[in-house]
Amino acid sequence: MNNKIWFLFLFTIISSPFFAQNLEEDALYIKDIYDYSLKASSCYEWLDHLSEEIGGRLAGSSASFEAIDYTKGLMTELGLNTYVQECLVPRWVRGAAEEVFLHSSEGIVKLNALSLGNSEGTGGRTIMANVIELHSLEELENIDPIEIAGKIVFFNRPMDPTKINTFHAYGGAVDQRGVGPMKSGEKGAIACLVRSMTTRLDDIPHTGSTYFAEGDKKIPAIAISTNDAEKLSRLLKESPNLEVSIKSHCGMISDTISYNVVGEIKGSEFPNEYIVVGGHLDSWDVGGGAHDDGSGCVQSIQVMKTLLALGYQPKRTIRCVMFMNEENGLGGGRAYADSANAKKEFHMAALESDSGGFTPRAFSFDADKTVFTPKYQQVQDWLKLFEPYGVTFMKGGSGADINPLKTQKGLLIGLRPDSQRYFDFHHTAIDRIEAVNQRELELGAAAMTSLIYLLDKYGIE
């Protein structure tokens with residue numbers, strides 16, 4: 001920002017009612033935050049280690065425990081009061097690579113495929129059956145079970161490309177992955193294929209969680225790439241009796257103990273009021289979990305480093321939390337909230353970054369509906385401070401790991417980066433460090449630090 005524009009911005013603040021909250025001083029301090037974040041940040045270096053040296057970190061895996069030790073060490077080196085918090089997590093393993101083949105008049109074609117988390121495999125044997133293509137759970141509900149029994153259900157509803165916010169497109173399509181296999185099994189299907197959750201046409205399969213209720217029949221559930229989904233759909237129209245063969249080795253094993261990682265700076269005036277900043281440390285076993293959610297983790301640690309480097313002494317206790325098991329169970333988020341409630345720790349605010357390391361565009365705010373309006377009105381006074389950095393405020397969800405804190409009636413916040421490319425990488429083998437732009441990652445960390453600073457300085461009633 002050139003000097004003339006900066007002067008005009010400060011003049012606008014000084015000439016307005018915002019001056020009552022000393023926003024001139026805040027504007028200058030936030031500029032210091034951005035300057036430090038863009039010149040002296042360590043978050044990209046930390047992310048490189050998480051993504052490339054440790055890699056996929058599914059809860060309960062050896063890599064997840066390595067990530068726990070690594071992030072605990074980072075926060076300890078910063079001088080934070082650092083500890084781990086126990087949580088119970090499910091343990092799912094993929095085993096050997098999936099083998100999925102399409103058998104048609106064009107020959108035998110291998111499909112790009114990944115088993116869905118929490119699903120059962122074929123036990124290492126090959127199963128083969130005819131395929132029935134569906135596009136919604138409603139279509140499944142209305143079909144005669146006789147048409148499903150003994151077949152492989154293929155859900156092929158694309159994410160809606162007209163949705164500018166790609167998270168809305170994801171939300172409109174992911175039900176077929178989340179419960180489609182369970183409901184297909186209930187109707188007698190022997191397996192389920194699901195079109196990958198992305199707007200892009202490519203050869204990269206996207207994994208993710210699927211869910212089976214206790215006592216339900218579990219069937220193999222596998223995501224295939226969007227190009228292969230298009231191919232399978234086309235060939236089914238030409239030859240409805242074609243078959244697909246599946247061989248997979250995945251399955252659930254015993255639940256295990258894992259840990260959240262917590263690092264905190266004690267508040268000088270209101271130590272019993274807590275502000276949390278965090279991300280989830282676990283990721284899928286393919287790729288490096290760079291965007292999902294290594295980015296959010298290292299950005300959160302960078303918040304603490306930046307505040308310490310600038311000599312900021314918080315009034316309230318600020319906690320940095322690496323949540324475990326967001327991807328397939330939310331064990332860490334629930335354990336953290338249970339502990340906080342048991343200790344009667346009031347969380348004035350919690351901020352989660354779990355939408356990738358892209359350019360920050362907004363913060364979304366949420367709270368219990370009985371307190372949301374006055375809390376959201378309070379933060380509006382800070383909006384002008386973020387305008388020079390292209391960040392706005394909006395109503396909306398926060399983060400899956402901090403949502404269990406909602407009953408405390410504090411303010412819950414999510415960082416909202418530009419979402420257009422997020423689902424190109426989400427839950428894939430290409431979610432690696434090269435997919436993350438260093439400057440965009442650092443801008444997100446700077447925006448988060450700025451908001452944490454304001455929340456701590458002024459509080460939210």
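Values in this document were obtained by computation on a predicted structure and should not be read as measured data.

Asks: Please provide a residue-by-residue account of the overall build of the chain, values included.
Replies: Secondary structure summary: the chain contains 16 helices and 16 strands in total. Summarising its shape, the C-alpha atoms of the chain cover approximately 75 × 45 × 40 Å along the three principal directions. Each of the 461 residues in the chain was classed as buried or not, and the buried ones make up 59%. The long-range fraction of contacts in the chain, counting pairs at least 24 apart against all pairs at least 6 apart in sequence, stands at 82%. Carbon and sulfur atoms make up 52% of the accessible area of the chain, which amounts to about 18,000 Å² in all. Each charge class in the chain can be summarised by its mean position, and for the 43 positive and 61 negative side chains these summaries are 3 Å apart.

Asks: Summarise the sheet that holds strand β1 (residues 81-93); cite the residues concerned and give the values.
Replies: One open sheet holds the 8 strands; their spatial order is β1-β10-β12-β11-β13-β16-β14-β15, and the pairing between them is mixed. Since the sheet does not close on itself, it has two edges, and those belong to β1 and β15 (392-395), each with one partner. The average undirected angle you get between the axes of adjacent strands in this sheet is 25°. As paired strands, β1 and strand β10 (residues 251-265) are joined by 12 bridges and run antiparallel to one another. Its bridge partner lying in β10, Val89 is registered against Thr256. Seen against the sheet, helix α4 (residues 62-77) touches β1, β10 and β12 (316-323) and runs at an angle of roughly 5° to β10. Sheet contacts for helix α12 (residues 331-342): β1, β10, β11 (270-280), β12 and β13 (346-352); angle to β1, the most-contacted strand, approximately 140°.

Asks: Outline the packing of aromatic side chains, listing residues and values.
Replies: Tallied over the entire structure, the rule returns 17 aromatic pairs. With a centroid separation of 5.0 Å and 70° between ring planes, the pair formed by Phe167 and Phe423 is classed as edge-to-face. Of this pair, Phe167 sits in helix α7 (residues 166-171) while Phe423 sits in helix α15 (residues 422-425); the two residues are 256 residues apart in sequence, bridging distant segments of the chain. Owing to a relative accessible area of 27%, Phe167 belongs among the partly exposed residues under this scheme. Among the residues examined, Phe423 registers a relative accessible area of 2% and is labelled buried. Aromatic rings pair up to connect Phe363, Phe365, Phe372, Tyr376, Phe386 and Phe393 into one cluster.

Asks: Describe in detail the packing of helix α3 (residues 43-54) against helix α11 (residues 290-309), supporting the description with residues and values.
Replies: Pairs of packed helices are described in terms of their axes, by the angle between the two and the distance that separates them. Between α3 and α11, whose axes approach to 9 Å, the crossing angle comes to 140°. It follows from the interaxial angle that α3 and α11 lie oblique. Once α3 is placed against α11, the crossing between them reads as right-handed. Taken together, the residues of α11 that come into contact with α3 (itself represented by Cys43, Trp46, Leu47, Leu50 and Ser51) are Ala290, Gly294, Ser295, Val298, Ile301, Gln302 and Lys305. Residue composition of the contact of α3 with α11, grouped by class: 7 nonpolar, 4 polar and 1 charged.

Asks: Please provide a residue-by-residue account of the confidence of the model for the chain, values included.
Replies: Residue-level pLDDT values for the chain average 95, and 95% of them are 70 or greater. Low pLDDT, under 50, characterises residues 13-20; the predicted model gives this stretch 11 contacts beyond four residues in sequence or across chains.

Asks: Could you give me a rundown of the packing of helix α2 (residues 23-40) against helix α16 (residues 438-458), with the residues and numbers involved?
Replies: The contact between α2 and α16 brings their axes to 9 Å, and the two run at 145°. Helix-helix and strand crossings are classified by hand; for α2 and α16 the assignment is right-handed. Seen from α2, the contacting residues are Leu23, Glu25, Asp26, Tyr29, Ile30, Ile33, Tyr34, Ser37 and Leu38; seen from α16, they are Arg439, Glu442, Leu443, Ala446, Ala447, Thr449, Ser450, Tyr453, Leu454, Lys457 and Tyr458. Broken down by class, the residue content of the contact of α2 with α16 amounts to 12 nonpolar, 3 polar and 5 charged.

Asks: A description of the environment of Phe346 should follow, citing residues and the corresponding values.
Replies: Within the secondary structure, Phe346 is located in strand β13. Separated by 62 residues in the primary sequence, Phe346 and Gln408 have C-alpha atoms spaced 6.7 Å apart.

Reading guide: rules and limits
Residues numbered from 1 in each chain as written. Predicted model: local features only at pLDDT ≥ 70, side-chain atom pairs only at ≥ 80, totals over all residues. Heavy atoms only, no water. Helix = DSSP H or I, 4+ residues; strand = E, 2+ residues; numbered from the N terminus. Buried < 20%, exposed > 50% of the residue type's maximum accessible area, 1.4 Å probe, protein only. Contact = heavy atoms within 4.5 Å. Areas by Shrake-Rupley, 256 points an atom, 1.4 Å probe, with all protein chains shown as cover. Lys, Arg positive; Asp, Glu negative; His and termini not counted. Charge placed at Lys NZ, Arg CZ, Asp CG, Glu CD. Pairing = 2+ DSSP bridges. Axes fitted to C-alpha atoms, helices over the stretch in contact; angles between N-to-C directions. Phe/Tyr/Trp six-rings, centres within 6.5 Å; stacked < 30°, edge-to-face > 60°. Parallel < 35°, antiparallel > 145°, perpendicular 65-115°, else oblique. Left-handed = near helix turned anticlockwise from the far one by under 90°. Nonpolar A, V, L, I, M, F, W, Y, C, P; charged D, E, K, R; others polar. pLDDT = per-residue confidence, 0-100.

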